[in-house]
Amino acid sequence: MPVVTKETADLVVRSFADYHIFGLDLETTGLNPYTGAKLFSLIISTADEDYYFNFDGTPDHLGNLAPYNTVLPLRLLPYIITALKGGTVFIHNAKFDQKFLLVEEVLALNSCRVICTYALGRLVNNLLISYSLDALGKLIGYEKDDSVEKYITKHKLYTKVDVGKKSPRKDKHYNLVPFDIISNYGMRDGRVCYELGIYILTRLEEMSEEQIKLGLLPLMPVVEREIELTPVLLDMEHTGIKINRAYTREAYEYQKDQYQEIEQKFYALTGLDFEDGRKTLTAAFKKMGLEHGYTEKGNPSFKDELLPDNTLGNLIRDWRHSYKLATTYYKNFLDIADDNDVIHCNFKQGGTSTGRFSCSEPNLQNVPKHGEDSNKYPVRSCFIPREDYFFLMVDYDQMEYRLLLDLAGEEEIINKIKGGLDVHTATAEEMDVDRFAAKTLNFMLLYGGGAQKLANALGTNLQDAKAKKNKYFRTLTKVKSIVNALINTVDRRGFVTNRFGRRLQKPVEGSYKIPNHFIQGGCGDIVKIAMVEVAKLLRPYKSRMLLQIHDELLIELHKDEKHLVPKIVKAMQGAYKEISLPLTAGTDYSNTNWYDKEPYNEK
DNA sequence: GAACAACGCACC
DNA sequence: AAACGGTGCGTTGTTC
């Protein structure tokens, strides 16, 4: 396992011309390249060897330096990466490594076929517990190597950073780990990446063949699309979304004042220091002589719907509201934004079992909308378009229901929708109930809910709920049969494939979940197709996608490129052409922020 | 002191 | 027989 030296570097790099497949890994000083973390080594694995390129000439925590002749100048980086040109490069969580290269202005991976083993691992089996390199490596016989993590913990090679939360953030310093340990660890990860990539691709091709033999759609187009999506997501994240720092800070201070004031009131009322936990709240209710609810397990429960509508209950409610906004949103945004006030989130390409993305650091897919709950500082107002740009938000109309109706072939309802009715109203008309009941029933169906939950949601008794459910399936007979067919298939075969060839495994102890997975995943695939198309469309322009929120795209559109709007909408609406009812999308825009939006057509 | 479960709440 | 789906992240509280 060779560490590359000044003497061998040139020879090693030139030998890459003999290979077409590589594993790649980086070691970095921290996790966020936009707030100062740097790469300090590069590992390239070929079929025959693992090479460790070290760029770190600084001492480890013991004061020791890497051997002098192993310290390469960082300017070699483009030269090394360029040598991979045209090759296939397996990287676990590829966007992470690519961002570190991008901030060093190394673009050479663009001319490679980068394959993210995290994204593709999810396609091999969508229901694994973990898709970490350790977990996936185990599938091909590599035991977990936690030597570096252990070393960091043992020698406390981390800094605790106070970010205003109750628990400080721990920044680990991988560059302080002794050279022998980090280099061997790195080269092993490069090897695992390489072998894992080969394994995953082989397995996916087998699975695809298997699906074809069963008369199902092939898997490989899904695989190919995920590969195409990696650079699309990378662009989105690297561009990032700008925040209004002054506004966000003001909002944070305001909400902090709010919840601190509530803490004072709580103390005055109960004589207790406020904590949002069972102990304190139970004591507070006891002191006030008030009743509270219980969880299913019989523990005291203080969740919103069980909190009484009295002074104490409302104090807790208001505290939580302010505290949530202050910490999860405003404070987190301030902390995570870079020096240009830009937030670079992480769209996790293998983040869900159904095929959606998830989003983290921060999660920009759960930013409050503030419908009924008024807020002096709407959270979405934190996000602003850059100079000469405006926000364009395009979201699909009732996407999941439409896909379900299409899948089932419920012609009567489909015709009503084609005639201009909204999905829930059409359902309501068809089965002769009010719109609210129809909408609730549609929801229940999509989530596999039972009669009891339906009764709760409708505010009726169990019997009535059962009757409504029966009526629903008596009317929407085709929906009923497709739901049953999916459950039967997954029970018999252990998996189903959706309309795009994506494979969904049988949920453990819960085949009833499969219709939901099927529809949710189908929508995920449609949006992914749309994103690839929109990315292609925007490539020659300044306008760019910033966020995906499941059925919605947030695009930063340049003011000179308004002619692109209809093309974007068309690309989205046409992402699933075989659908038997229109897949429409609504368009809003904003010149100011993500909250204050207006319909685009009325402009 | 760290790791884990449970809870609670923001989104689609 | 019934089962409300998919996330991320902050907290408290328990356990080792």
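From a predicted model like this one, the values you see are computed outputs, not experimental measurements.

J.: I'm lost on the overall build of chain A in this one. Help?
T.: From N to C terminus, chain A includes 20 helices and 21 strands. In terms of overall size, chain A behaves like a compact globule, its C-alpha atoms giving a radius of gyration of 27 Å where 603 residues would be expected to give roughly 25 Å. Each principal axis of the C-alpha atoms in chain A carries an extent, and together these give about 80 × 70 × 55 Å. Out of the 603 residues in chain A, the part that is buried amounts to 52%. In chain A, the share of contacts with a sequence separation of at least 24, taken over all contacts with a separation of at least 6, comes to 66%. Total accessible area computed for chain A in this model is approximately 28,000 Å², and 50% of it derives from carbon and sulfur atoms.

J.: It is not clear to me how the protein's contact with DNA strand C should be interpreted in this structure. Could you clarify?
T.: Taken together, 35 residues sit near DNA strand C, with Lys166, Glu275, Lys279, Glu361 and Met444 positioned nearest. Each atom of DNA strand C within 4 Å of the protein was assigned to sugar, phosphate or base; sugar and phosphate come to 73%. Between DNA strand C and Lys324, the relevant distance is 3.5 Å, taken from a base nitrogen to a side-chain nitrogen or oxygen of the residue. Here a sugar or linking oxygen of DNA strand C sits 3.0 Å away from a polar atom, N or O, in the side chain of Asn363. Within the residue set of the surface near DNA strand C, elements represented by two or more residues are helix 10 (278-288), helix 11 (311-336), strand 13 (358-360), helix 15 (435-447), helix 16 (451-458) and helix 19 (514-538). Class assignment for the residues of the surface near DNA strand C results in six nonpolar, 17 polar and 12 charged.

J.: Just checking my understanding: could you explain the packing of aromatic side chains for this structure?
T.: Two numbers describe a pair of aromatic rings. These are the distance of the centres and the angle of the planes. Across all of its chains, the model carries 23 aromatic pairs by this definition. Note on Tyr254 and Tyr377: the rings are 5.2 Å apart at their centroids and 55° apart in plane angle, and the pair reads as tilted. Placement of the pair is Tyr254 in helix 9 (residues 245-270) and Tyr377 in the loop between strand 13 and strand 14 (383-384), with a sequence separation of 123 residues. Relative accessible area serves as the criterion here: at 9%, Tyr377 is assigned to the buried category. Where Phe274 meets Trp319, the ring centres are 4.5 Å apart and the plane angle is 50°; that geometry is what we call tilted. With a gap of 45 residues between them, Phe274 in the loop between helix 9 and helix 10 and Trp319 in helix 11 connect regions that are remote in the sequence. Side by side, Phe274 and Trp319 carry an identical accessibility label, which is buried. Through a chain of ring-to-ring contacts, the aromatic side chains of Tyr259, Phe266, Phe274, Trp319 and Tyr323 assemble into a single cluster. Between Arg380 and the ring centre of Trp594, over which it is positioned, the NZ or CZ distance is 4.2 Å.

J.: What am I meant to see in unusual backbone geometry here?
T.: Geometrically, the link from Glu361 to Pro362 is a cis peptide bond, its omega value of 0° lying close to zero. Mapped onto the secondary structure, Pro362 falls in the loop between strand 13 and strand 14. Positive phi is not limited to glycine here, since Glu361 has a value of about 50°. Mapped onto the elements, Glu361 comes out in the loop between strand 13 and strand 14. When its relative accessible area of 48% is taken as the criterion, Glu361 is described as partly exposed. Although it is not a glycine, Asp432 sits at a positive phi angle of roughly 60°. Residue position: Asp432 is located in the loop between helix 14 (423-431) and helix 15.

J.: What should I look at first to understand the protein's contact with DNA strand B in this one?
T.: Neighbouring DNA strand B are 23 residues, the closest being Phe302, Arg356, Asn366, Lys369 and Asp551. Backbone atoms, meaning sugar plus phosphate, form 83% of the atoms of DNA strand B positioned within 4 Å of the protein. Between a phosphate oxygen of DNA strand B and a main-chain N or O atom of Lys303, the distance comes to 3.2 Å. In the environment of DNA strand B, a phosphate oxygen lies 3.0 Å from a nitrogen or oxygen atom belonging to the backbone of Lys369. Per-element tally for the surface near DNA strand B: the top contributor is helix 11, with three residues. Considering only residue class, the surface near DNA strand B consists of six nonpolar, six polar and 11 charged.

J.: Looking at this model, I keep getting lost on the sheet that holds strand 8 (residues 241-243). Mind explaining?
T.: Hydrogen bonds along the backbone pair up the strands of a sheet, which may run parallel or antiparallel. Read across the sheet, three strands follow the order 11-8-14 without closing on themselves; strand pairing throughout is antiparallel. Of all the strands in the sheet, the pair left with one neighbour each is strand 11 (342-343) and strand 14. Alignment of strand 8 against strand 14, held across two bridges, turns out to be antiparallel. Counted as the bridge partner of Lys242 is Ile384 from strand 14.

J.: It is not clear to me how the domain arrangement of chain A should be interpreted in this structure. Could you clarify?
T.: It is common to give the size of an interface as the accessible area that goes away when the parts come together. The domain architecture assigned to chain A consists of domain 1 (9-215), domain 2 (245-340), domain 3 (379-397 + 523-599) and domain 4 (400-521). Of the residues lining the interface, eight residues belong to domain 1; the matching set on domain 2 comes to seven residues. Overall, the association of domain 1 and domain 2 removes approximately 580 Å² of surface from exposure, summing both partners, and the carbon and sulfur fraction of that is 46%. Its largest share of buried area at the contact with domain 2, domain 1 owes to Val163, Lys165 and Lys166, together 54% of the area lost on that side. Counting across the domain 1 and domain 2 interface gives one salt bridge.

J.: When you look at the nonpolar core in this model, what are you seeing that I'm missing?
T.: Residues Phe53 and Phe383 are the most contacted members of the largest nonpolar core, which totals 172 residues. Counting residues in each nonpolar core, the second largest holds 15 residues, with Ala66, Ile152, Tyr174 and Tyr185 among its members.

J.: Help me understand the pattern of salt bridges in this model?
T.: A side chain with one charge can pair with a side chain of the opposite charge if their charged atoms come near. Tallied over the entire structure, the rule returns 32 salt bridges. For the salt bridge of Arg191 with Asp50, the shortest nitrogen-to-oxygen distance reads 2.9 Å. With a gap of 141 residues between them, Arg191 in helix 7 (residues 179-213) and Asp50 in strand 3 (residues 50-54) connect regions that are remote in the sequence. For the pair Arg191 and Asp50, a shared accessibility class is recorded, and that class is buried. For Arg113, the salt bridge identified is with Glu224, shortest N-O distance 3.0 Å. Note that Arg113 is positioned in strand 5 (residues 113-116) and Glu224 in helix 8 (residues 220-239), a separation of 111 residues in sequence. Among the charged side chains, a network of salt bridges with common partners joins Glu226, Arg502, Asp525 and Lys528.

J.: What's the story with the packing of helix 9 against helix 10 in this structure? I'm lost.
T.: Between helix 9 and helix 10, whose axes approach to 10 Å, the crossing angle comes to 45°. Taken together, the axis directions place helix 9 and helix 10 in an arrangement best described as oblique. Mapping the contact onto sequence places Phe266, Leu269 and Thr270 in helix 9 and Thr280, Leu281, Ala284, Lys287 and Met288 in helix 10. The class makeup of the residues in the contact of helix 9 with helix 10 is five nonpolar, two polar and one charged.

Parameters at a glance
Residues numbered from 1 in each chain as written. Chains lettered and ligands numbered in written order. Predicted model: local features only at pLDDT ≥ 70, side-chain atom pairs only at ≥ 80, totals over all residues. Heavy atoms only, no water. Helix = DSSP H or I, 4+ residues; strand = E, 2+ residues; numbered from the N terminus. Rg over C-alpha atoms; globule rule 2.2 N^0.38 Å. Buried < 20%, exposed > 50% of the residue type's maximum accessible area, 1.4 Å probe, protein only. Contact = heavy atoms within 4.5 Å. Areas by Shrake-Rupley, 256 points an atom, 1.4 Å probe, with all protein chains shown as cover. Near = heavy atom within 4 Å. Polar contact = N/O pair within 3.5 Å; in protein donor to acceptor, adjacent residues only side chain to side chain. Nonpolar A, V, L, I, M, F, W, Y, C, P; charged D, E, K, R; others polar. Phe/Tyr/Trp six-rings, centres within 6.5 Å; stacked < 30°, edge-to-face > 60°. Lys NZ or Arg CZ within 6 Å of the ring centre and 35° of its normal. Pairing = 2+ DSSP bridges. Domains from an automatic or database assignment. Buried area = accessible area lost by both parts, 1.4 Å probe. Salt bridge = Lys/Arg side-chain N within 4 Å of Asp/Glu carboxyl O. Core = buried A, V, L, I, M, F, W, Y, C linked by side-chain atoms within 4.5 Å. Axes fitted to C-alpha atoms, helices over the stretch in contact; angles between N-to-C directions. Parallel < 35°, antiparallel > 145°, perpendicular 65-115°, else oblique.

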